[in-house]
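# Geometric and topological summary
For reference, the chains in residue letters:
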Amino acid sequence: QVQLVESGGGLVQAGDSLRLSCAASGRTFSNDAMGWFRQAPGKEREFVACISWGGRDTYYEDSVKGRFTISRDNAKNTVYLQMNRLKPEDPAVYYCAGGGTGRWPRIRSPEYNYWGQGTQVIVSS
């Protein structure tokens, strides 16, 4: 089983950047697609971005395209989410997820096998 730990969240101003990290342990995750999701208070968890096992393919939710970048370093068992030009609508708890099977792009949360505990992002305007 893979355990995921997110880090890098915090309080920033609108327009600032943050880089979230998701470190995996337990076994290598290099064969797994990975994704980032977020959940704001009172809202359902929503897809943000996903990356294929080798890192060649990525896919983004429309509102973050051009601002967020997902990447992975399989040697370090870590997935990243670089978030630039943060907006007031971006605050949420951000979760990384991995494993499972499903059609690409992997935008459906029930398809993922393992999840991190989340890291909170707060954006002040």
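Read on for an overview of the structure.

About the criteria used
- Residues numbered from 1 in each chain as written.
- Predicted model: local features only at pLDDT ≥ 70, side-chain atom pairs only at ≥ 80, totals over all residues.
- Heavy atoms only, no water.
- Phe/Tyr/Trp six-rings, centres within 6.5 Å; stacked < 30°, edge-to-face > 60°.
- Helix = DSSP H or I, 4+ residues; strand = E, 2+ residues; numbered from the N terminus.
- Lys NZ or Arg CZ within 6 Å of the ring centre and 35° of its normal.
- Core = buried A, V, L, I, M, F, W, Y, C linked by side-chain atoms within 4.5 Å.
- Buried < 20%, exposed > 50% of the residue type's maximum accessible area, 1.4 Å probe, protein only.
- Contact = heavy atoms within 4.5 Å.
- Disulfide = S-S within 2.5 Å.
- Pairing = 2+ DSSP bridges.
- Axes fitted to C-alpha atoms, helices over the stretch in contact; angles between N-to-C directions.

### Brief notes about the packing of aromatic side chains
Centre-to-centre distance and the angle between the planes together describe a pair of aromatic rings. Tallying each qualifying case throughout the model produces 5 aromatic pairs. Look at Phe37 and Phe47: their rings are 5.7 Å apart centre to centre, the planes differ by 75°, and that puts the pair in the edge-to-face class. Linking Phe37 in strand E4 (residues 34-39) with Phe47 in strand E5 (residues 46-51), this pair joins segments that are 10 residues apart in sequence. Judged by centre distance (6.1 Å) and plane angle (35°), the ring pair of Phe47 and Tyr59 falls under tilted. A residue pair is termed long-range when its members are at least 10 positions apart, and Phe47 in strand E5 and Tyr59 in strand E6 (residues 58-60) qualify at 12 residues. Grouping aromatic residues by their ring pairs yields a cluster made of Phe37, Phe47, Tyr59, Tyr112 and Trp115. Between Arg45 and the ring centre of Tyr95, over which it is positioned, the NZ or CZ distance is 3.9 Å.

### Description of the nonpolar core
Soluble globular proteins tend to bury their nonpolar side chains together. Core analysis: the biggest nonpolar cluster contains 28 residues, and Trp36, Leu81, Met83 and Tyr94 have the highest contact counts within it. Counting residues per element, this core draws most heavily on strand E3 (residues 18-25), at 4 residues. Filtering out sequence-adjacent residues up to four positions away, Met83 remains in contact with Asp16, Ser17, Leu18, Leu20, Arg67, Phe68, Tyr94 and Val121. One finds Phe37, Cys50, Ala97 and Tyr112 within the second-largest nonpolar core, a separate group that totals 5 residues.

### Notes on the environment of Thr78
Residue placement: Thr78 occurs in strand E8 (residues 78-83). Among the residues examined, Thr78 registers a relative accessible area of 9% and is labelled buried. Along the sequence, Thr78 and Trp115 sit 37 residues apart, while their C-alpha atoms lie 13 Å from each other. Other than its neighbours up to four places away in sequence, Thr78 contacts Ser21, Cys22, Ala23, Phe29, Ser71, Arg72 and Asp73.

### Brief notes about the state of the cysteines
Within the structure shown, the criterion is met by 1 disulfide. Disulfide partner of Cys22: Cys96, at an S-S distance of 1.9 Å. Handedness of the Cys22-Cys96 disulfide follows from its S-S torsion of about 55°: it is right-handed. Of the two residues, Cys22 is situated in strand E3 and Cys96 in strand E9 (residues 92-98); the sequence distance between them amounts to 74 residues.

### Focus on the sheet that holds strand E7 (residues 68-73)
Reading across from one edge, E1-E3-E8-E7 is the order of the 4 strands in this open sheet, with antiparallel pairing throughout. The sheet is open, and its two borders are formed by strand E1 (3-7) and E7, each paired with just one other strand. Shown here is a sheet whose adjacent strand axes are inclined to one another by a mean of 15°, direction ignored. Both E1 and E3 contribute to a ladder of 5 bridges, which runs antiparallel.

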